[in-house]
Amino acid sequence: MLKALIVDDEPNHRFGLAKHVNWNGLGYDSPLLAEDADEALFLTGNNRIDVLIADVCMPGMDGIELVKEMRVRYPDIHVLIISGYEEFEFARAAVEAGAKAYLLKPLKIEEVENWLKKFRNEIKMAEKLAKADLAMKKSLVKT
Amino acid sequence: MAFNLKNAIAGFSNRLLNSMNLRTKILVLYIFVVVIPIIILGVVAEKIMFNFLKTDYSISINEAVDQVVKNVEFRKLTYEILATRTTMDGELAAQLSRVYTDFITQWETICYIDRAFGTVRESLPGMEYFRIYHRNNTLAEDGGILWKPSNRELSGTTEHDWYNNLKASDSSMHWDLYKNPVNGLLYMTLSRKITWVPGDDMLGAVIICVRSAEVFENLLDTSFRGQGDVFLINEKGVIFSSSRKDFVGKNLVETPLQIILRSNSNMNTEMDFEESKYLIISRIISSDWRVAAAIPLKNLEHQTRSLSIWIIAITLGLVILSAVLMLMVINNIVYRLKSLESKMTSVTEGRFNVTVPKSYGDELGDLEKCFNFMAGRLGVLTNEIALVRTREREEALKALQAQINPHFLYNTLGIIRWRALDLNDEELCRIVDAMTVFYRLSLNKGNTILRIRDEIEHINAYLEIQQYRYMNNVKVKWDIDESVLDYYTIKLILQPIVENSYIHGMVAKRGHGELCISVVRNNDSVVFTIHDNGVGIPDDKLQHILCDTTKSNSQGYGFRNIKERIKLYYGDEGSISISSRWGEGTTVRLKIPVCTEPPALREVNYSA
């Protein structure tokens, strides 16, 4: 099972996502929730996080900086940015920081789930590749 | 009282003048200032010239008559001097008064007379005979110069009668006229007594007979070169010589010229003679003779007529020339004023791209130049104001949109959506989604330009919400040409029209409401048509909308706003039209050019 972290200063959005997305059906554990960047970083220290869902606009460290920070720690992390701003500048900054997707509020569950599905497939594929790679290395070592 | 009258006249003439148009005023002025003076001048000049001519003519005629008088007097005097000189001959008197006793002395006397007077006959022209009569019984007659009175015919009478009459007469000399019945010629005789001293008994008499035709007529014929007649009249009123042969021998009383006899002095008058006007001049000369001249005024009339014709022609020419010039000037002025007026009307109707063509250097030309400049400036200023106003409105819209914090709005919508999901309310979810789309496209990140696809989606979102509001009461028909969806348009040009269909057309409240929205490409244009079967627009209101005379906040305001924005971005290439029938619905048609790139605000055309 994959693990997701939702960072949003507004509890409604956190709980909404946690509640209405079919996490288990998509192969995810129940997501971790954080109300700001500091809490998010703290939580990632104790858990392996596969997917980060972050709001751009938050008090303290904003979503873009959090993504940058997370990418430094976990280069393989998949990032989905949610935002009330549709201005292109924000989207570009998010993509440059390493976000795979940029979704506008109000969120549509189907869109979120589509992205989560995509991320899961990518992660599975990467794991498979890594396993195959490892098996190949092992067989090489044996021979 | 007089003051009141003056005021009344001034008021009347003012009213009269004010009621005339400019052309009439100038024409009236022209007639009073130019035409009437020219005509008066012409008439006065004609009169003055006529009088001058007449005076001149009369002076020259008088001079000619005076010349005739002088000649006649001189000629007459010549014969009288001859007669007088004969009778003053002392020797002759002595010879006539002598008593002759013998034939020798008689012979000597006859010889003397022949010697002394024999050449007299040849010395003067027209002389018929020259005789000396006597009653000296001792002296005979010779039948040449020396005669004795007897019963022979002489000067229209007998010699005796003639001699006796002369003797009885008080005057010593007189002229007689007689017509020779044989040859019909007129003769004049000059008779003179022979005395020792005047008053004494008559010793004899001298008679000089001349052919009046030869003596006087040659003086008369050349006097007026055929332009008039001269008459010589003796003391009895008989015309004894004239350039008019048919008058010779007649008494004046028998002729139309008898008027001459009425005056005992010189006269100078005009009268009708032989069916035309004549100038009659008569002079009394010695022996109560008269010299009369009848000059036809025909020549004078002829001259004055040609003069009059010239003056009339010049006057008319002046009047016509000045009239033509005047009319040209008036027409030019009036035409230019009219064109200025029509151009000014254009300006008041809002068309500033008018100029008055081709001006001249006069005051009107300055006015036209000023007008052209003014119209240009007005056009520029109006354009500027319009542009500034629309820009201000665009800015205001942006400012308003900036005040709507999108983050806040979308966050709130997001919360509502979560709640709807919590309640499992799918419809609310869709309303929230429609509102999200509606606001996203309304705000459009602050841009005024979007693709046609988005503008359609915008109406779609708006309609979705309206359908929720009115329980799907309205049937919406779409007719979209997919090929135009990627072109650009300005935002919020369709939605306000659809909104009008709901608010003013009440399309949702009438039942069987229907909205047809079509987007088609027509050559280089994209045409949007929005038709509803709502209540339509009353005619008077439609007129207001079409004439841009609506007050703000009414139906036409949105329409005008769209119209101005289309003009601002597309100029004359874009347009919006509206047609409606009360009770049947409204159709709005928008046309914009095909834009593959986002259109920009048009610059004001300063060149105007």
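Quick word on the overall build of chain B
Move 1: Regarding its fold elements, chain B presents 15 helices and 19 strands.
Move 2: Residue burial in chain B is summarised as follows: out of 608 residues, 43% are buried.
Move 3: Taking as baseline every contact in chain B between residues at least 6 positions apart, the subset at least 24 positions apart corresponds to 61%.
Move 4: In the structure as shown, chain B presents an accessible area of about 33200 Å², 57% of it carried by carbon and sulfur atoms.

Brief notes about the interface of chain B and chain A
Move 1: Contacts between the two partners involve 17 residues from chain B, matched on the other side by 19 residues from chain A.
Move 2: Interface of chain B and chain A: buried area, both sides summed, is about 1800 Å²; carbon and sulfur atoms make up 57% of it.
Move 3: Taken together, the connections running from chain B to chain A amount to one salt bridge.
Move 4: For Lys19(A), the salt bridge identified is with Asp422(B), shortest N-O distance 3.1 Å.
Move 5: On inspection of chain B and its partner chain A, the count reaches eight residue pairs in polar contact (both at pLDDT 80 or more).
Move 6: Of all the secondary structure elements, the ones that give two or more residues to the side of chain B that touches chain A are α10 (406-422) and α11 (426-443) of chain B.
Move 7: A class-by-class count of the residues in the side of chain B that touches chain A yields seven nonpolar, four polar and six charged.

Topic: helix α12 (residues 452-469) of chain B
Residues and elements named next belong to chain B.
Move 1: Between its first and last C-alpha, α12 extends 26 Å over 18 residues, near the 26 Å set by a 1.5 Å rise per residue.
Move 2: Listed in full, the buried residues belonging to α12 are Ile452, Glu455, Ile456, His458, Ile459, Ala461, Tyr462, Leu463, Ile465, Gln466 and Gln467.
Move 3: The first or second residue beyond α12 is Met471, which carries a positive phi of 55°.

Details of the pairing of strand β12 (residues 290-296) of chain B
Residue and element names in this part refer to chain B.
Move 1: Counting buried residues in β12 gives seven out of seven residues, a clear majority hidden from the surface.
Move 2: Bridge count for strand β8 (residues 229-233) against β12 is five bridges, and the pairing is antiparallel. In the sheet register, Ile233 faces β12, and the bridge partner there is Arg290.
Move 3: As paired strands, strand β11 (residues 276-284) and β12 are joined by seven bridges and run antiparallel to one another. Paired with Tyr278 across the two strands is Pro296, which belongs to β12.
Move 4: With antiparallel pairing between neighbouring strands as the criterion, β11 and β12 make up a hairpin whose turn holds five residues, including Ser287 at a positive phi of roughly 65°.

As for the packing of helix α3 (residues 63-73) of chain A against helix α4 (residues 88-97) of chain A
Residue and element names in this part refer to chain A.
Move 1: Contact geometry of α3 with α4 gives a least axis separation of 9 Å together with a crossing angle of 10°. The orientation of α3 relative to α4 falls into the category roughly parallel. Between α3, through Ile64, Val67, Lys68 and Arg71, and α4, the contact on the second element is made entirely by Phe90, Ala93, Ala94 and Ala97.
Move 2: The class makeup of the residues in the contact of α3 with α4 is six nonpolar, no polar and two charged.

Regarding the packing of α11(B) against α12(B)
Residues and elements named next belong to chain B.
Move 1: Running from amino to carboxyl end, α11 crosses α12 at an angle of 145°, the nearest separation of the two axes being 9 Å. In this structure, α11 meets α12 at a crossing whose hand is left-handed. Two secondary-structure elements touch here, α11 through Glu427, Arg430, Ile431, Ala434, Met435, Val437, Phe438, Leu441 and Ser442 and α12 through Asp454, Glu457, His458, Ala461, Tyr462, Glu464, Ile465 and Tyr468.
Move 2: Looking at the contact of α11 with α12 residue by residue, the class counts come to 10 nonpolar, two polar and five charged.

Details of the sheet that holds strand β18 (residues 575-581) of chain B
All names here are of chain B.
Move 1: One open sheet accounts for five strands, arranged β14-β16-β17-β19-β18; its pairing is mixed. Pairing within the sheet leaves two strands with one partner each, and these edge strands are β14 (474-480) and β18. Going from strand to strand, the sheet's axes swing by 10° on average, the running direction of each strand aside.
Move 2: Judged from the seven bridges that link them, β14 and strand β16 (residues 513-522) form a sheet pairing that is parallel.

As for the nonpolar core
Residue and element names in this part refer to chain B.
Move 1: Tyr79, Ile132, Ile208 and Phe216 are the most contacted members of the largest nonpolar core, which totals 51 residues.
Move 2: Considering each element in turn, this core owes the most residues, 10 residues, to helix α2 (residues 22-87).
Move 3: The next biggest cluster of nonpolar side chains, apart from the first, holds 46 residues, and it includes Val498, Phe528, Tyr570 and Cys595.

A look at the packing of aromatic side chains
All names here are of chain B.
Move 1: Per the counting criterion, the structure on display carries 19 aromatic pairs over all chains.
Move 2: When the ring of Trp175 is compared with that of Trp289, the centres are 5.4 Å apart and the planes differ by 65°; the resulting orientation is edge-to-face. Here Trp289 lies in the loop between β11 and β12 and Trp175 lies in strand β5 (residues 173-179), a separation of 114 residues in the sequence.
Move 3: On the basis of relative accessibility, which here comes to 6%, the residue Trp175 falls in the buried class.

A look at the sheet that holds β5(B)
Residues and elements named next belong to chain B.
Move 1: In spatial order, the strands read β2-β1-β7-β6-β5; together these five strands make up an open sheet with mixed pairing. Strands at the two margins of the open sheet, each flanked by one partner only, are β2 (146-147) and β5.
Move 2: Bridge count between strand β6 (residues 186-194) and strand β7 (residues 204-211): eight bridges; the pairing is antiparallel. Across the sheet, the residue bridging to Thr189 is Cys209, located in β7.
Move 3: Sheet strands in contact with α2 are β1 (127-134), β5, β6 and β7, and its direction is about 35° off that of β6.
Move 4: This element, helix α6 (residues 159-168), spans β1, β2, β5, β6 and β7 of the sheet and lies at about 115° to β7.

Describing the confidence of the model for chain B
All names here are of chain B.
Move 1: Here chain B shows a mean pLDDT of 84. Residues at 70 or above account for 95%.
Move 2: Mean pLDDT across the elements of chain B bottoms out in helix α7 (residues 212-221) (77) and peaks in strand β17 (residues 525-532) (94).
Move 3: Low pLDDT (under 50) marks residues 604-608, which in the prediction has eight contacts with non-local residues, meaning those over four places away or in another chain.
Move 4: At the level of chain-chain contacts, confidence expressed as ipTM amounts to 0.82, with global pTM at 0.50.

Cut-offs applied
- Numbering of residues begins from 1 in every chain and follows the order in which that chain's sequence is written.
- Numbering of ligands from 1 and lettering of chains from A proceed in the order in which they are written.
- Where totals are concerned, whole chains, interfaces and linings use all residues; where local detail is concerned, this predicted model gives features only for residues with pLDDT of at least 70, and gives and counts side-chain atom pairs only at 80 or more.
- Excluding hydrogens and water, the side-chain values take into account all heavy atoms of the structure.
- Segments assigned H or I by DSSP are reported as helices when at least four residues long, segments assigned E as strands when at least two residues long, and all are numbered from the N terminus.
- Exposure categories follow from relative accessible area, calculated using a 1.4 Å probe and restricted to protein chains: below 20% of the type maximum is buried, above 50% is exposed, and the middle band is partly exposed.
- Working rule for contacts: check all heavy atoms of both residues, and any pair within 4.5 Å makes them a contact.
- Where accessible areas are quoted, they stem from the Shrake-Rupley method and a 1.4 Å probe; at the residue level, only the protein chains shown are allowed to cover.
- By buried area we mean how much accessible surface two parts lose on assembly, using a 1.4 Å probe and totalling the loss over both.
- Within this document, salt bridges are pairs made up of a side-chain nitrogen of Lys or Arg and a carboxyl oxygen of Asp or Glu, the two lying within 4 Å of each other.
- Whenever a nitrogen or oxygen atom comes within 3.5 Å of another N or O atom, the pair is scored as a polar contact, on the condition that within protein one atom can donate a hydrogen and the other can accept it, and that pairs from neighbouring residues in sequence are kept only if both atoms are in side chains.
- Note on residue categories: nonpolar means Ala, Val, Leu, Ile, Met, Phe, Trp, Tyr, Cys or Pro, charged means Asp, Glu, Lys or Arg, and polar means any other residue, Gly included.
- To estimate the expected span of a helix, count its residues, drop one, and scale the result by 1.5 Å.
- Two strands are said to pair when DSSP picks up at least two bridges between them.
- Axes here mean lines fitted to C-alpha atoms, for a helix over just the part in contact, with angles spanning 0 to 180 degrees between N-to-C directions.
- Roughly parallel refers to an angle under 35 degrees, roughly antiparallel to one over 145, roughly perpendicular to one between 65 and 115, and oblique to any angle outside these ranges.
- Helix crossings get a hand from a simple test, with the near helix turned counterclockwise from the far one by less than a right angle marking a left-handed crossing and a clockwise turn marking a right-handed one.
- To define a nonpolar core, start from buried Ala, Val, Leu, Ile, Met, Phe, Trp, Tyr and Cys residues and group those joined through side-chain atoms within 4.5 Å.
- Note on aromatic pairs: the rings of Phe, Tyr and Trp (six-membered ring only in Trp) are paired at centre separations within 6.5 Å, and the planes decide the class, stacked below 30 degrees, edge-to-face beyond 60, tilted for the rest.
- A score from 0 to 100, pLDDT tells how confident the predictor is in each residue.

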